[in-house]
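Chain by chain, the residues run as shown.
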Amino acid sequence: MMQVVQISAFGPVENLVLTERERIEPGVGEVLIKVKATAVNPIDYKMRQGLFGGELPMVLGHDLAGVVAEVGDGVENLKPGDEVWSYLGGPKSNGSYAQFVSVPQEFVSRKPVNLSFLEAAAVPLTGLTAYEAVFEKARVGPDHTVLITGSTGGVGSMAVQMCLLQGARVLATAGSDRSRVYCAQALGVPEGQIICHRNRSLEELELEIYRVNGGKPVDIAFDFVGHRMKQLCLRVIGFGGAVVSIVEEPNDSLAAQLFDARNSPLFSKSASMHFQFLGARALFGGRADWRVYQTELERLAVWMEEGKLKPPQVGDLGNFSEASIQGAHRMLEEGDVQGKLVVRFSEAGRRLS
């Protein structure tokens, strides 16, 4: 048997309930992982609320770090005892709010040796999302000036580091003094290039970005927040620029505006809009499409071990339990979470009442 936190109905955090399931076995090409730490992400609470549907009961959780317990037939380069990290975006036995997960080997790689399980669990979803946004969609280079909104969140903090690694000039938004300090001291963005957005209108923010950038628009803007930050990104890109967004919007009013030639900020600047959905290959592709996840995880691991990247700031929420998972969901829904929230797994777990 194994312990999981699952939902049997969509709705409030109280629907996240600790229970037991039969321990799964790895199938062909699959890796059974004993989970040591799991991150809790905004997509988790959106799924709990039923925004994406899905079959119930459901065990949520999209990234983890742990130890290989068993491997199925056909698994290469991984063996029992290996310390690994994994992105759970496609086929799997269950989500990472569980003591064990079985997942195709294409979603798993060895974790960086210099990271703890807590640190490693904070990286896969955010690291892969940032990687694909920066390198595949925007193709950031040393001659680019980029704006990154949500710079101290999980994805944003990884994207900032990647853009700086590429030699780009980074402008970053921050919502509080705490975020400003983290952005400057931990991520390396120069103080004069950090734009505080709290209690400021879009017009004020647009003027501030132009002022900071010497009166010029930016080449690339990353929308890691949505809503008015997406509007800000569209306002400040220049001719031939690009906006990369990971955030869906609740209605199609913006989409209608984007394709209206007379009113669209994209048409008027001959600019491009990219949507970064990390789970696209996982959900709608096959094994040949999934291999990219393992390749990218391996690349992130090398950069972490070489000291070129560091994980997002980790909020350690203690041992895996119904209360710790519920608490993480509450914190994410309230907003202003810096970095990633991570829950650890003790060896014994908590006895069910």
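Along each chain, residue indices are assigned from 1 in the same order as the chain's sequence is written. Local features in a predicted model are, by the rule used here, given only for residues with pLDDT of at least 70; side-chain atom pairs are given and counted only at 80 or more, and totals for whole chains, interfaces and linings are based on all residues. Water and hydrogen atoms were dropped before computing side-chain values, which therefore reflect all heavy atoms in the structure.

> Sorry, what's going on with helix α10 (residues 287-305) here?
Each turn of an α-helix holds 3.6 residues, which means side chains three or four residues apart point in the same direction. Counting from the N terminus, the helices are the DSSP runs of H or I reaching at least four residues and the strands are the DSSP runs of E reaching at least two. Multiply 1.5 Å by the residue count of a helix minus one, and that product is the helix's expected span. In a regular helix each residue adds 1.5 Å, so 19 residues correspond to 27 Å; α10 covers 28 Å between its end C-alpha atoms and thus fits that length. Residue exposure (1.4 Å probe, protein chains only): buried if accessible area is under 20% of the type maximum, exposed if over 50%, otherwise partly exposed. Trp-290, Tyr-293, Glu-296, Leu-297, Leu-300, Ala-301, Trp-303 and Met-304 are the residues of α10 that are buried. Across the axial projection of α10, the buried residues extend over an arc of 165°, all falling on one side. Throughout, a residue-residue contact means that at least one pair of heavy atoms, one from each residue, lies within 4.5 Å. In this structure, the buried residues of α10 make contact with β5 (83-87), β6 (100-104), β7 (108-110), α3 (124-138), α4 (154-165) and α9 (280-284). Just beyond α10, the residue with positive phi is Gly-307, at close to 80°. This arc describes the spread of directions from the helix axis toward the C-beta atoms.

> What's the story with the sheet that holds strand β12 (residues 237-245) in this structure? I'm lost.
Strand-to-strand pairing in sheets goes through backbone hydrogen bonds, with the strands running parallel or antiparallel. Across the sheet, six strands lie side by side as β10-β9-β8-β11-β12-β13; this open sheet has parallel pairing. At either margin of the open sheet sits one strand with a lone partner, and together these are β10 (194-196) and β13 (272-275). Averaged over neighbouring strand pairs, the angle between their axes works out to 20° when direction is ignored. Two strands qualify as a pair provided DSSP detects at least 2 bridges between them. By the bridge criterion, four bridges tie β12 to β13 in an arrangement that is parallel. Bridge pairing links Val-243 to Met-273 in β13. Between N-to-C directions, angles cover 0 to 180 degrees, with each direction set by a line fitted to C-alpha atoms, over the stretch in contact for helices. Against the sheet, α3 engages β11 (218-223), β12 and β13, with an angle of about 140° to β11. Most of the contacts of α4 go to strand β8 (residues 145-148), to which it runs at about 170°, and overall it touches β8, β9 (169-174) and β11.

> Is there a simple way to explain the packing of aromatic side chains in this structure?
For any pair of aromatic rings, the description rests on two quantities: the centre-to-centre distance and the angle between the ring planes. Classification of ring pairs uses Phe, Tyr and Trp, with its six-membered ring standing for Trp, and accepts pairs whose centres are within 6.5 Å; under 30 degrees between planes counts as stacked, over 60 as edge-to-face, and the remaining range as tilted. Following the criterion strictly, the structure yields nine aromatic pairs and no others. The interplanar angle of 50° and the centroid separation of 5.4 Å between the aromatic rings of Phe-107 and Trp-290 together place this pair among those described as tilted. Residue Phe-107 is located in the loop between β6 and β7, and its partner Trp-290 is located in helix α10; the two are separated by 183 residues in the primary sequence. Each member of the pair, Phe-107 together with Trp-290, is buried. For the ring pair Tyr-131 and Trp-303, a centre distance of 6.0 Å and an interplane angle of 40° mean the geometry is tilted. Taken together, the residues Tyr-131 in helix α3 and Trp-303 in helix α10 connect sequence positions 172 residues apart. What links up through ring pairs into an aromatic cluster is the set Tyr-87, Phe-107, Trp-290 and Tyr-293. A ring is considered to have a charge above it if a Lys NZ or an Arg CZ atom is located within 6 Å of its centre and within 35 degrees of its normal. A cation sits over an aromatic face here: Arg-23 above Phe-100, 4.3 Å from the ring centre. The ring of Phe-117 carries the charged tip of Lys-111 above its face, separated from the ring centre by 5.2 Å.

> For this particular structure, what's the right way to read the side chain of Asp-223?
Within the fold, Asp-223 resides in strand β11. Among residues more than four places away in sequence, those in contact with Asp-223 are Thr-149, Met-229, Lys-230, Cys-233, Val-244, Ser-245, Ile-246 and Val-247.

> Where do I start with a nonpolar patch on the surface in this structure?
Together, Phe-277, Leu-283 and Phe-284 make up an exposed nonpolar region whose accessible area comes to about 370 Å². Examined against the element boundaries, Phe-284 turns out to sit in helix α9. For Phe-284, a relative accessible area of 68% puts it in the exposed group. Like charges are joined within 9 Å and nonpolar side chains (Val, Leu, Ile, Met, Phe, Trp, Tyr) within 5 Å, but only among residues with over 30% relative accessible area and no salt bridge; these make up the patches. Surface exposure here means Shrake-Rupley accessible area, sampled with a 1.4 Å probe, where a residue is shielded only by the protein chains that are shown. Only one rule defines a salt bridge in this text: a Lys or Arg side-chain nitrogen within 4 Å of an Asp or Glu carboxyl oxygen.

> Quick question: what am I supposed to make of the confidence of the model for the protein here?
In low-pLDDT regions, the fine details of the predicted coordinates are not to be read closely. Residues of the protein with pLDDT of at least 70 account for 95%, and the chain-wide mean is 93. Confidence of the predictor in every single residue is expressed as pLDDT, which spans 0 to 100. Below pLDDT 50 for its whole length, residues 348-353 participates in ten contacts with residues either more than four positions away or in separate chains.

> Please explain the side chain of Asn-94 as it appears in this structure.
Relative to the helices and strands, Asn-94 resides in the loop between β5 and β6. We define a polar contact as two N or O atoms separated by no more than 3.5 Å, with the added condition that, inside protein, one atom must be a possible hydrogen donor and the other a possible acceptor, whereas residues neighbouring each other in sequence contribute only through side-chain atom pairs. Within polar-contact distance, the side chain of Asn-94 engages the side chain of Ser-93 at 2.9 Å. Reaching out from Asn-94, the side chain makes a polar contact with the backbone oxygen of Phe-100 at a distance of 3.0 Å. Here Asn-94 is in contact with Met-2, Arg-21, Ile-24, Val-59, Leu-88, Phe-100 and Val-101, once residues within four sequence places are set aside.

> Can you walk me through the environment of Gly-188 in this structure?
Along the chain, Gly-188 falls in the loop between α5 (177-185) and β10. On the basis of relative accessible area, Gly-188 is assigned to the partly exposed category, the value being 42%. C-alpha separation for the pair Gly-188 and Val-170, spaced 18 residues apart in sequence, amounts to 9.6 Å. When sequence neighbours within four positions are dropped, the list of residues in contact with Gly-188 reads Leu-164 and Cys-183.

> In this structure, what is going on with the packing of α3 against α4? I would like to understand it.
The relative placement of two packed helices is expressed as an angle between their axes plus a distance between the axes. Running from N to C, α3 and α4 point in directions that differ by 45°, and their axes come no closer than 8 Å. Here α4 runs oblique to α3, going by the angle between their axes. Where α3 crosses over α4, the two elements pack in a sense that is right-handed. Taking contact as the criterion, the partners of Thr-126, Gly-127, Thr-129, Ala-130, Tyr-131, Val-134 and Phe-135 in α3 are, on α4, Gly-154, Val-155, Met-158, Ala-159, Met-162 and Cys-163. Any angle between 65 and 115 degrees counts as roughly perpendicular, while under 35 counts as roughly parallel, over 145 as roughly antiparallel, and the rest as oblique. In this scheme the crossing of two helices becomes right-handed for a clockwise turn of the near helix relative to the far one and left-handed for an anticlockwise turn of less than a right angle.

> How should I be thinking about the environment of Gly-150 in this particular structure?
Within the element layout of this structure, Gly-150 appears in the loop between β8 and α4. Gly-150 gets classed as partly exposed once you look at its relative accessible area, which sits at 23%. Sequence spacing of Gly-150 and Ala-172 is 22 residues, and the spatial spacing of their C-alpha atoms is 7.7 Å. Apart from residues lying up to four places away in sequence, Gly-150 is in contact with Gly-156, Thr-173 and Val-225.

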